[in-house]
Amino acid sequence: MTATPAPAPSGRAWLFHALVTVVLWGVWGAFSDQSSKHGFPDTLVYCVWALTMIPPAFIALRMSGGKLETSPRAIAYGMAVGLLGAGGQMVLFYAVTRGPAYLIFPIISLSPLVTIVMSYALLRERTGKLGLLGIALALIALPIFNYTPADGAATTGSTWFVLALIVMLCWGVQAYFMKSANNHMSAEGIFFYMMIAGLLLVPVAWFLTDRSHPVNWGWDGPALAAGIQVLNAIGALTLVFAFRYGKAIIVAPLSNAGAPLATAIISLIALGVMPDTLKIVGLALALAASVLLAIEPDTADETSPSPAEPAAI
C-alpha cells in the first residue's frame, strides 16, 4: 500500500492527544495498584490489558475507513512497536523478582532519553530553548517520581540492573518507532498491530503467573482490572496520534512526565494520598516541564539535500 507520511508538526493536534493521554494515564496510574491489592496478580492484569486493546483498535480502524496496511514494511513497523512495548513489560515482570523496584523503576523512567537521542540523530528533530529546558526538567523529574526509599533493603547482583536497562531501551526505542512508523502507515494501523503484539505475549504472562497464592476471579479481580486497564489502552491509542502530529522529542517527555503528575493530583483528590517531600519536588519539576513543553513554539527540524528516511526495520 502507499505510505501515509505523518503530517508536519503544525498546529496543536499533537498537544490535544498528548494531554488526553496524560489524563487517561493519570487516572490509570492512580488506581493501577488496586487489582493486585484485591488478589489479582500483575501478570494476569497484563492479560486483561491486552484484551482491552481490542475494542479501541477495531473502533479506531473502523472510523478510519477499515483499511489496514498489510505491506511487509507496515507489518514490521507495527509489530516492532507492539513487541517492544509488550516485551519490555515481560522483562519488567522478571526484573522485579531479581532486584529492588525502588531502583528499577527510576532507571526505566529514563526511557524518553533514548527516544530523544534517536529522534535527534535519526529523524533530525529539533526544538527551541523552552523545549530543551522542558526536556531537561522532565528527565530530572521522572526518576524522582519513580523513586521509593529502600527501607533498609540491600541490593545484590547486577542482573536486575541489566534487565532494567533492557526495559528502558525497549520502551525508548518503541516510542522512536511509534513516531517513525507514522511516516509509513496510519496511526490506526500502528495501534492495531500493537494490539496483535500484546495478545501474542498473553501466554507468556499467563505462564509467569505465580500460582502459589490464590487468584481473585471475582468482580473485583478481572472486571476491576478491565475497567482500569481500558484507560491505559485508550491512552496508548491517543499517544500514537500524539506522535503522529508532534515531535517525539517533545511528546515522549511530556507524556512520561505529565502522567505521573496527573496521577499525583488525582491520588490526592480521590484517594487522599499525600506525596512525600521528594515526590512534591518531582511534581513541581514535572509541572514546569509540562508547561514548557506545551507552550514551546513549533521549531523547524534539520533538513538535508536528500531527506534522511527513518531507519528501516
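All of the points below concern the structure found in this document. (Residues numbered from 1 in each chain as written. Predicted model: local features only at pLDDT ≥ 70, side-chain atom pairs only at ≥ 80, totals over all residues. Heavy atoms only, no water.)

Some points on the packing of aromatic side chains
For any pair of aromatic rings, the description rests on two quantities: the centre-to-centre distance and the angle between the ring planes.
Here is step 1 of the chain: On inspection of all chains with the given rule, the structure shows ten aromatic pairs.
Here is step 2 of the chain: Between Tyr-77 and Phe-177 the ring centres are 6.0 Å apart and the planes differ by 70 degrees, which places this aromatic pair in the edge-to-face class. Of this pair, Tyr-77 sits in helix H5 (residues 72-98) while Phe-177 sits in helix H9 (residues 159-181), and the two are 100 residues apart along the sequence.
Here is step 3 of the chain: Here Tyr-77 falls in the buried class, since its relative accessible area comes to 2%.
Here is step 4 of the chain: Members of the aromatic cluster, connected to one another through ring pairs, are Phe-40, Trp-206 and Trp-217.
Here is step 5 of the chain: When the ring centre of Tyr-120 is taken as reference, the NZ or CZ atom of Arg-126 above it lies at 3.6 Å. (Phe/Tyr/Trp six-rings, centres within 6.5 Å; stacked < 30°, edge-to-face > 60°. Helix = DSSP H or I, 4+ residues; strand = E, 2+ residues; numbered from the N terminus. Buried < 20%, exposed > 50% of the residue type's maximum accessible area, 1.4 Å probe, protein only. Lys NZ or Arg CZ within 6 Å of the ring centre and 35° of its normal.)

Points about unusual backbone geometry
Here is step 1 of the chain: A positive phi angle, close to 60 degrees, is found at Arg-124, a residue other than glycine.
Here is step 2 of the chain: Among the secondary structure elements, Arg-124 is positioned in the loop between helix H7 (111-122) and helix H8 (129-146).

Concerning helix H3 (residues 42-52)
Here is step 1 of the chain: Most of H3 sits inside the fold, with nine of its eleven residues counted as buried.
Here is step 2 of the chain: Among the residues making up H3, those that are buried are Thr-43, Leu-44, Val-45, Tyr-46, Cys-47, Val-48, Trp-49, Ala-50 and Thr-52.
Here is step 3 of the chain: Turning to H3, the residues buried within the fold contact helix H2 (34-37), helix H4 (54-63), H5, helix H10 (187-200), helix H11 (202-208) and helix H12 (219-245). (Contact = heavy atoms within 4.5 Å.)

Some remarks on the pattern of salt bridges
Here is step 1 of the chain: All chains considered together, the criterion is met by one salt bridge.
Here is step 2 of the chain: Asp-33 is paired through a salt bridge with Lys-37; the nearest N and O atoms lie 3.2 Å apart.
Here is step 3 of the chain: Judged by relative accessible area, which is 59%, Lys-37 ranks as exposed. (Salt bridge = Lys/Arg side-chain N within 4 Å of Asp/Glu carboxyl O.)

What to know about the nonpolar core
Here is step 1 of the chain: Membership of the largest hydrophobic core comes to 76 residues, with the highest contact counts inside it found for Tyr-46, Phe-191, Met-194 and Phe-243.
Here is step 2 of the chain: Among the elements that line this core, the one with the most residues is H9, at twelve residues.
Here is step 3 of the chain: The residues contacting Met-194, other than those within four sequence positions of it, are Met-53, Gly-78, Val-81, Gly-82, Gln-174, Met-178, Ala-236 and Val-240.
Here is step 4 of the chain: Within the second largest apolar cluster, eleven residues are counted, among which are Leu-137, Leu-142, Phe-145 and Ala-286. (Core = buried A, V, L, I, M, F, W, Y, C linked by side-chain atoms within 4.5 Å.)

Regarding the environment of Pro-253
Here is step 1 of the chain: Note on placement: Pro-253 falls in helix H13 (residues 248-271).
Here is step 2 of the chain: Leaving out residues up to four positions away in the same chain, Pro-253 has contacts with Pro-112, Ile-116, Ile-135, Ala-138, Ala-248, Gly-258 and Leu-293.

Let's talk about the packing of H10 against H12
Packed helices, taken two at a time, are described by the angle between their axes plus the distance between the axes.
Here is step 1 of the chain: Axis separation between H10 and H12 bottoms out at 9 Å; the angle between their running directions is 140 degrees. The angle between H10 and H12 falls in the class oblique. Here H10 and H12 pass one another in a crossing that is right-handed. Packed against H10, whose contacting residues are Ala-187, Glu-188, Ile-190, Phe-191 and Met-194, the element H12 presents Ala-233, Ala-236, Leu-237, Val-240, Phe-241 and Arg-244 at the interface. (Axes fitted to C-alpha atoms, helices over the stretch in contact; angles between N-to-C directions. Parallel < 35°, antiparallel > 145°, perpendicular 65-115°, else oblique. Left-handed = near helix turned anticlockwise from the far one by under 90°.)

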